[in-house]
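A structural walkthrough
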Amino acid sequence: MKVALIGLGSVGRGVATMLAKKDLGLTITGIADSKSGLIEDKGINITKVLANKKKTGMCGDSRITAIDVIKKADYDALIEVTPTNALSGEPATGYIRTALNRKKHVVTSNKGPVALSYKELRALALKKGVAFRYEATVAGAIPIMHVLEHGLAGNEILAIYGVLNGTCNFILTRMADEGLTYEQALMEAREMGYAEADPTYDVQGIDAAIKLVILANTIWGNGVKLADVDRTGIDLLTADALRLAEEEGCTIRLIAEAIPRKKLIRVSPRIIEKTHPLVVEGTLNALTLETDMAKEITLIGRGAGSIETASAIIGDLLFIRDCHVQRP
C-alpha cells in the first residue's frame with residue numbers, strides 16, 4: 001500500500017523510521033514537512049530523507065508544499081501528523097478534507113481536527129467510501145479505538161474514566177513520592193522533556209479534555225465540544241493535599257470522565273485509593289471502560305512518545321490495508 005506522510009516532527013520521524021525499519025508492505029510515495037516536500041511514485045528512500053532532514057532541516061524540495069503532496073502524489077492513505085492546533089484544527093483539517101475528497105484513506109495523530117470536526121470528517125469519509133482513523137489521538141500506544149470497535153463490539157459503553165495526560169501524571173507522581181511542590185515537580189518534568197516551556201495545555205487539563213471529547217464523540221456520537229467539559233487542572237494543587245490523601249491510603253490523579261446517564265463530562269484532580277487501577281506511575285496513561293456485558297475493562301500503557309505513537313498510526317494503516325476498504 002502506498003502512503004503519503006505529512007509532518008516530520010517527533011511523531012512523523014518515528015513513523016518514517018519504523019516504516020523504513022520494518023517490512024510491512026507500506027511504501028511512502030510522498031512526504032512533506034513545514035518547509036519542503038518530495039514526491040516519488042515508485043517510493044522514497046526514507047533513510048536518505050531522514051538524514052537530509054537532520055542535516056538541513058528539510059526533507060526535500062522547498063518548492064513542494066504539503067498541499068502539493070496531498071493533491072498530486074500517488075498514494076492510498078494519507079498519514080497526517082502535523083502539530084495540533086486545538087483552537088482551529090488547521091491546517092490539518094484542510095489537509096484531511098482534501099485527501100478524503102480525493103477518495104484517499106486518512107490516518108492522523110492530530111487531535112484538533114478530530115475534536116473540532118469529527119462529525120464532518122467522518123461523514124465525508126463515509127460518503128467517499130474511505131477510512132478515517134485516529135487511534136493515535138488518544139493515549140498514545142494504547143489501542144483504545146480498536147478495543148472499542150472490535151474487542152468490545154456489541155457492548156454498551158456506560159462510562160469512561162481515564163488518566164490521559166502523561167505530563168500531569170508525572171508531576172503528581174513526583175509530588176506524592178518525593179513530597180515535591182508543584183513548581184519543583186514541574187521543573188523536573190521540563191528538565192526531562194515531559195513538559196513544554198509553557199505547560200498550560202497539559203497542567204490545566206486542556207489536553208485531557210480534548211481527548212475526552214474525542215472518546216465521547218467516538219463512543220456516543222453526542223456532539224460534545226471542549227467547552228462542554230467541566231475542567232480543573234492540577235496547577236493549584238499543593239504538596240499538603242497529596243500528603244493528606246496519602247494519610248488516608250489514597251493519592252490524587254487528574255481523571256477524565258464521561259458518564260452520559262449522569263450528563264457528566266469532566267476533567268479534574270480526584271482523590272482515589274492507591275490500589276485503584278487508574279493509579280499508574282510516571283508518564284503512563286490508563287483508561288477504564290464500564291460496559292454492560294464485559295463490566296469494567298482497564299487499559300494501561302505509554303501515552304506518548306514518537307515510536308509509541310507510531311505504533312498506533314501503523315496499526316491503523318495495517319487495519320486499512322488488511323480489511324481492504326474499497327474505494328468506489
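In what follows, the structure referred to is the one given above.
Residues numbered from 1 in each chain as written. Predicted model: local features only at pLDDT ≥ 70, side-chain atom pairs only at ≥ 80, totals over all residues. Heavy atoms only, no water.

This part takes up the sheet that holds strand E12 (residues 296-302). Across the sheet, which stays open at both edges, the 6 strands sit in the order E8-E10-E9-E7-E11-E12 with mixed pairing between neighbours. Only two strands of the sheet have a single partner each, and these edge strands are strand E8 (230-231) and E12. Taken together, the 10 bridges between strand E9 (residues 250-259) and strand E10 (residues 264-273) define a ladder with antiparallel strand orientation. Residue pairing in the sheet places Ala256 in a bridge with Val267 of E10. Here helix H10 (residues 206-220) sits on the sheet in contact with strand E7 (157-163), E8, E9, E10 and strand E11 (284-291), set at roughly 160 degrees to E7. (Pairing = 2+ DSSP bridges. Helix = DSSP H or I, 4+ residues; strand = E, 2+ residues; numbered from the N terminus. Contact = heavy atoms within 4.5 Å. Axes fitted to C-alpha atoms, helices over the stretch in contact; angles between N-to-C directions.)

A few words now on the environment of Asp316. Topologically, Asp316 is positioned in helix H12 (residues 306-323). Among the residues examined, Asp316 registers a relative accessible area of 1% and is labelled buried. Expressed as a C-alpha distance, the spacing of Asp316 and Gly282, which sit 34 residues apart in the sequence, is 27 Å. Apart from the residues within four sequence positions on either side, Asp316 is in contact with Val107, Arg133, Tyr134, Glu135 and His146. Here the side chain of Asp316 touches Glu135 through a polar contact of 2.9 Å, landing on its backbone nitrogen. (Buried < 20%, exposed > 50% of the residue type's maximum accessible area, 1.4 Å probe, protein only. Polar contact = N/O pair within 3.5 Å; in protein donor to acceptor, adjacent residues only side chain to side chain.)

Turning to the packing of helix H7 (residues 166-178) against helix H8 (residues 182-191), a few remarks are in order. Relative orientation of the contacting elements H7 and H8 amounts to 125 degrees, with a least axis distance of 9 Å. As far as their axial angle goes, H8 and H7 are oblique. For the element pair H7 and H8, the recorded crossing hand is right-handed. Side by side, H7 and H8 meet where Phe170, Ile171, Arg174 and Met175 of the first sit next to Tyr182, Ala185, Leu186, Glu188 and Ala189 of the second. Split by residue class, the contact of H7 with H8 holds 7 nonpolar, no polar and 2 charged. (Parallel < 35°, antiparallel > 145°, perpendicular 65-115°, else oblique. Left-handed = near helix turned anticlockwise from the far one by under 90°. Nonpolar A, V, L, I, M, F, W, Y, C, P; charged D, E, K, R; others polar.)

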